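An overview of the molecular structure
Okay, here's what each chain looks like letter by letter:
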Amino acid sequence: MGVKSTPEGFNNITPYLGIQKAAEAIDFYKKAFNATEVMRLAMPDGGIGHAELRINGYPIMLGTPCDQGPLSSPDQSPSVGLHLYVEDVDSAFAQAIDAGGTVISEVKDQFYGDRTGTLKDPYGHVWFLATHKEDLTQEQIEQRAREMFQQG
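Residues numbered from 1 in each chain as written. Predicted model: local features only at pLDDT ≥ 70, side-chain atom pairs only at ≥ 80, totals over all residues. Heavy atoms only, no water.

The name given to the protein chain in an unreviewed UniProt entry is VOC family protein, with Pseudomonas viciae as the source organism.

And the structure:
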């Protein structure tokens, strides 16, 4: 039997972040999101060549951007956000803010059935923290959206 195309313990898609201060970011993710460090490849210059973390059992990869690689740290307008489902969004959000995150939008109930808050980590990445509260049909979500836009 051959090697699996996706390694054991990974999904088919895994976020990979370029972070100039990757070692600091690993510490932040541990404090903010209870991440566990699986592996770290430290470079002679102090950068991180590659690191793997787990948040709620799911993998996330990161490294210090270098001239040979395609990643750079995000600027003032990140094009990607990380969506993280947690058991208790209010306490998880507070933990992430206490660890050094910056509030983008406070935690609140959303029309699509989640309770969600958005923050930016100290390295420029946007995180959507959420707890799923209601199972809704597509039609219910669309109706709630119409009602919300009519009021707003």
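Thoughts on the sheet that holds strand β4 (residues 58-63)
Strand order in this open sheet of 4 strands is β1-β4-β3-β2, and the pairing throughout is mixed. Every other strand in the sheet has two partners, leaving β1 (16-18) and β2 (36-42) as the edge strands with one partner each. Direction aside, the axes of adjacent strands within the sheet are offset by 15° on average. Sheet analysis places strand β3 (residues 48-55) next to β4, joined by 5 bridges and oriented antiparallel. If you follow A51 over to β4, its bridge partner there is L62. Those strands touched by helix α1 (residues 22-33) are β1, β2, β3 and β4, and its axis lies near 5° from that of β3. (Pairing = 2+ DSSP bridges. Helix = DSSP H or I, 4+ residues; strand = E, 2+ residues; numbered from the N terminus. Axes fitted to C-alpha atoms, helices over the stretch in contact; angles between N-to-C directions. Contact = heavy atoms within 4.5 Å.)

Some points on the environment of H50
Relative to the assigned elements, H50 resides in strand β3. Linking H50 and T6, residues 44 residues apart in sequence, is a C-alpha distance of 18 Å. Setting aside residues no more than four positions away along its own chain, H50 makes contact with Y16, M39, R40, L41, M61 and L62. In terms of polar contacts, H50 uses its side chain to reach the side chain of Y16, at 2.8 Å. A distance of 3.0 Å separates polar atoms of two side chains, one belonging to H50 and the other to E52. (Polar contact = N/O pair within 3.5 Å; in protein donor to acceptor, adjacent residues only side chain to side chain.)

Focus on the environment of Q150
Along the chain, Q150 turns up in helix α3 (residues 138-151). A residue is classified by how much of its surface remains accessible, and Q150, at 68% relative accessible area, is exposed. Distance from Q150 to I104, taken between C-alpha atoms, is 24 Å for residues 46 residues apart in sequence. (Buried < 20%, exposed > 50% of the residue type's maximum accessible area, 1.4 Å probe, protein only.)

Let's talk about the side chain of D114
Residue placement: D114 occurs in strand β7 (residues 114-120). Separated by 2.7 Å, the side chains of D114 and Y85 make a polar contact. Residues contacting D114, with those up to four places away along its chain left out, are H83, Y85, K108, D109, A130, T131, H132 and K133.

Concerning unusual backbone geometry
Residue N34 is not a glycine yet carries a positive backbone phi of 55°. Since its relative accessible area comes to 52%, N34 is described here as exposed. We note that N56 has phi near 55°; this positive angle belongs to a residue other than glycine. Tracing the backbone shows N56 in the loop between β3 and β4.

Let's talk about the domain arrangement of the protein chain
Along its sequence, the protein chain is organised into domain 1 (10-65) and domain 2 (80-151). Carbon and sulfur atoms supply 72% of the area buried between domain 1 and domain 2, which totals about 1200 Å² over both sides. Taken together, the connections running from domain 1 to domain 2 amount to 0 salt bridges. In this structure, the connection of domain 1 to domain 2 is made through 7 residue pairs in polar contact (both at pLDDT 80 or more). For the side of domain 1 that touches domain 2, the elements supplying multiple residues, two or more each, are β1 and α1. Examining the composition of the side of domain 1 that touches domain 2, we find that 7 residues originate from one element, α1, more than from any other. Taken together, the residues of the side of domain 1 that touches domain 2 break down into 10 nonpolar, 3 polar and 3 charged. (Domains from an automatic or database assignment. Buried area = accessible area lost by both parts, 1.4 Å probe. Salt bridge = Lys/Arg side-chain N within 4 Å of Asp/Glu carboxyl O. Nonpolar A, V, L, I, M, F, W, Y, C, P; charged D, E, K, R; others polar.)

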